[in-house]
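# Chains, contacts and geometry: an overview
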Amino acid sequence: MQEHHFRNSRDPYCDLEELVLAELRYAFRQLRKSPGFTVTAILTLALGIGANAVVFSVMDALLLRPLNVPGGQNLYTVQHVENGEAFPSNSWPDYRDIVARNQTFSGVAAYDLMPAGLDTGGNPAPVWLAAASGNYFHVLDVRPYLGRFFSSADMHGNGSAPDIVLSYAYWNAHFGANPGVVGHTVQLNKHPFTVLGVAPPSFRGTLLFFAPAMWIPMVEEPTLQGWNNFNERGSRSHWLIGRLKPGVTEAQASADLNRIAAELGHEYPKDDAGGTFSLAKPGLVGDLLGRPTRAFVAGMMLLAALILLAACANLGSLFAARAADRSREIAVRMALGSRRGRILRQLLTEAVLVSLLGGALGMAGGAGVLHALSLWRPAPDIPINVPVNPHLATYLAALLLAVGSGLLFGIVPVRQVLRADPYRIIRSGGAQAEGMRRFTTRDLLLAGQIAICAVLVTASLVALRGLARSLHADFGFRPQHAMVVAADLDMAGYTARTAPPMQRRMLDAVAAIPGVKAVGMVDRLPLSLGWDDEGVYRDSTTNYQATNIAADAINFDVSPGYFRAAGTTLLAGRTIRWSDDKGTPMVAVINREFARKIFGSVRKAVGADFKIWQGTRVKVIGVVQQGKYKALTESPQPAMFFSILQQPSKGVTLVVRSDRDAAGMAAALERTMRKLDAGLPITISTWSDALALALFPARTATVALGVLGLLGAMLVITGIFGLAAYVVSRRLRELGIRMALG
């Protein structure tokens, strides 16, 4: 004993260290004596902490963490606000004015996304790239992994900088990580481009969910697209990202931008009157995806917290039952002089140990789920994925949740221990009688579990019902029994003169395939990535300022036969004909919402006129049913369909309706397209598969809520089972006597 005190005097932490180790050893021994209880408790907590770790990691990746570039917390998306609605895109002239007039940004860059056909010596393959302003990499403060980046000094107008910068992932996957690729010439849409360099591995661009294969200078966009909108102030198609100067706040930058907006509205009333600017965190296309993402993740965090609360309530019941079963042991220890505080400390040690083991198991399972989510590609033809691999913050959050949960359910038996009468328990041979109380703490915890489970299961059922409705909703078209063939004639080098004849040959060739009932063409499918809005004026309007726009309508360019192939119902008038070409006045088919908003009714719309950009008059020849064009959850949107002969487009999507099976029709379409042009990159799928991106939010919500509901149900079932087993075990003596008495 003297030696022990002497050692303590030299090491004041020795007693504490030995005490902790002794408590842990004792806790391990106690848990090993009850393997069923231990495994149940660890798995229960693993479910709760794993669910919270996954949801927190998604929230951290999408909402909390800045862009993975130096000083990412100072980057903001600049939005154009019109009629109270924020849009993430701006016009090129407005962008140039913002760069020249602002006093709060050290730099503002512009970019947008587009598909192209990349040819490295074989057949061209479709890729998605980002067209960026010359200062893009400078504003983001990114350094090249290999070679160099393009800059503003390289750009002197269209054709002056035919260069590309490869992403690290694309360079590694398609060029074999060959450093000799720098200086190599490739073909983009049949135009030569030189590889300048490779971006660093950590840089995926400025969108969290979209990883372009490469970047090109913005001045080369007309080379690939065949048209130029750099001088059109009303054409807003560029996304802006700016870096604040040191010491500048978001509020100061917003005020500065709105000063510029007021100046532009005064100088250019036709396009900018009434417009303002706002700032949003980058990565989620401003408020377009940011707002619904924040709402969804907040809801998921709430449900995940309920899962963990149900797990704690479950474990509280189990630990209370376990403490009651050990009441004689605890009573003997107290009768022999053991302090209540030490007994409580041992019970809390067991609880925290279980929680740490459950947290480790839950975090391991969560990491596997997050890795799978990071690799998931909801739309195989579009480079969309969300890197949500666990970050340090996720592991810290899991640790805090584990310790907090252990303390939370570990204190449930405290009242039992503090109020226990050891001598009475020893005399009675069991637990201290609970008197005539009808409800115990365990009963309340069980009721709480059932209530939480009801909330989770209800949310899951609502999500399932929502998905069922979305799958069977009235889209304004019928994707069943329809195939789509997506191609871009730009990628194959077709010009504005040669594209229309090729489109007609494609329609005629596909119509001749046996089993084809109808075929039509559209520049892009409804509910696909990207859309084009255009301001609509009433026919009586003569002042074409932005404030006089009667409606913003989504527009499509379609061929004759499209509505029949799409299964869209014609409500009045007629559809597009081959005679609706450039030699005739411009015509359009509109939807029901357009007719209601501009003309008051479907009956009044047919034969009436309206005007679009620069006062071009358009005659309404027909009205079709209402549809979904941007998202499944959108409110009714005006839409107009122009003749592809009057507004030529080199973006081609064939819609083919047939009575043949999908595999056989896909093979026939492949053969037909290859006969027309073997070098034309195409993608063939069912229309239902092409809606994968549009259905992604609904499916994600359904899966997430369904899993959480299942976890809640599992926890409440184990909670009820545990309490029932405990009640039976406590009444075994009584039940045995009753059975012995017959």
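For the structure itself, look to the data block above.
Residues numbered from 1 in each chain as written. Predicted model: local features only at pLDDT ≥ 70, side-chain atom pairs only at ≥ 80, totals over all residues. Heavy atoms only, no water.

### Describing the overall build of the chain
Looking only at helices and strands, one finds 24 helices and 23 strands in the chain. With 742 residues in all, the chain has 50% of them scored as buried. A fraction of 79% describes how many contacts in the chain between residues 6 or more apart in sequence connect residues 24 or more apart. A total accessible area of about 34,400 Å² is found for the chain, and carbon and sulfur atoms account for 60% of it. (Helix = DSSP H or I, 4+ residues; strand = E, 2+ residues; numbered from the N terminus. Buried < 20%, exposed > 50% of the residue type's maximum accessible area, 1.4 Å probe, protein only. Contact = heavy atoms within 4.5 Å. Areas by Shrake-Rupley, 256 points an atom, 1.4 Å probe, with all protein chains shown as cover.)

### Focus: the pairing of strand 9 (residues 191–198)
Taken together, the two bridges between strand 6 (residues 146–147) and strand 9 define a ladder with antiparallel strand orientation. Bridging from a neighbouring strand, Leu146 pairs with Val198 of strand 9. Inspection of the sheet shows strand 8 (residues 185–188) paired to strand 9 by four bridges, in the antiparallel sense. Residue pairing in the sheet places Val186 in a bridge with Phe193 of strand 9. Here strand 8 hands over to strand 9 after two residues, with Asn189 in that stretch at a positive phi of 50°. (Pairing = 2+ DSSP bridges.)

### Thoughts on helix 19 (residues 592–599)
All of the buried residues along helix 19 are Glu593, Phe594, Ala595, Ile598 and Phe599. Looking at the residues trailing helix 19, positive phi occurs at Gly600, about 95°.

### Notes on the pattern of salt bridges
Counted according to the given criterion, the structure contains 25 salt bridges. A salt bridge links Asp287 to Arg294, with the shortest nitrogen-to-oxygen separation between them at 3.5 Å. On the accessibility criterion, Asp287 (18% relative accessible area) is buried. Its salt-bridge partner being Arg524, residue Asp523 comes within 2.7 Å of it at the nearest N-O pair. The same class applies to Asp523 as to Arg524, namely buried. (Salt bridge = Lys/Arg side-chain N within 4 Å of Asp/Glu carboxyl O.)

### Here's the deal with empty space enclosed by the protein
Per the stated rule, a full pass over the model turns up three cavities of 30 Å³ or more. Considered as a void within the structure, the largest cavity measures approximately 70 Å³ in volume. Taken together, the residues of the lining of the largest cavity break down into eight nonpolar, four polar and no charged. Of the pockets and cavities examined, the second largest cavity occupies roughly 50 Å³. For the second largest cavity, the full set of lining residues is Tyr111, Leu113, Ala130, Tyr136, Arg204, Gly205, Thr206, Leu207, Phe210, Pro212 and Trp215. Each residue belonging to the lining of the second largest cavity can be placed in one class, and the counts come to eight nonpolar, two polar and one charged. (1 Å grid on protein atoms, 1.4 Å probe; cavity = no way out; pocket = protein on both sides within 12 Å on 5 of 7 lines; lining within 4 Å. Points joined across faces, edges and corners; volume = space filled by probe spheres on them. Nonpolar A, V, L, I, M, F, W, Y, C, P; charged D, E, K, R; others polar.)

### As for the pairing of strand 14 (residues 516–522)
In summary, the side chains of a regular strand alternate between the two faces of the sheet. Taken across its seven residues, strand 14 has six buried, putting it largely inside the fold. With six bridges connecting them, strand 14 and strand 22 (residues 651–658) associate as antiparallel partners. Pairing of Ala518 across the sheet is with Arg657, part of strand 22.

### Digging into the nonpolar core
Judged by nonpolar contacts, the single largest core of 40 residues is most densely connected at Ile164, Leu166, Leu188 and Met214. Here this core takes six residues from strand 4 (residues 105–119), the largest share from any one element. Beyond its immediate sequence surroundings of up to four residues, Ile164 is in contact with Val186, Leu188, Phe193, Thr194, Val195, Leu196, Gly197, Met214, Trp215 and Ile216. In this structure, Leu75, Val139, Ala161 and Ala199 belong to the second largest nonpolar core, which totals 34 residues. (Core = buried A, V, L, I, M, F, W, Y, C linked by side-chain atoms within 4.5 Å.)

### Notes on the side chain of Asp557
With respect to the helices and strands, Asp557 occurs in strand 16 (residues 551–558). Side chain to side chain, Asp557 and Gln647 meet in a polar contact 3.0 Å long. If we skip the residues at most four places from it in the chain, Asp557 touches Met521, Val522, Asp523, Phe642, Ile644, Gln647 and Ser649. (Polar contact = N/O pair within 3.5 Å; in protein donor to acceptor, adjacent residues only side chain to side chain.)

### Some words on the side chain of Ser374
Mapped onto the fold, Ser374 is located in helix 12 (residues 340–375). Taking relative accessible area as the criterion, Ser374 reaches 8% and is therefore assigned buried.

### A look at a nonpolar patch on the surface
On the surface, Leu21, Leu24, Phe28 and Leu357 cluster together into a nonpolar patch covering about 310 Å² of accessible area. Considering every element that reaches the nonpolar patch, the biggest residue donor is helix 2 (residues 14–33), with three residues. Along the chain, Leu24 falls in helix 2. (Patch = residues over 30% accessible without salt bridge, like charges linked within 9 Å, V, L, I, M, F, W, Y side chains within 5 Å.)

Keep in mind that these numbers describe shape and distance, not what the molecule does.
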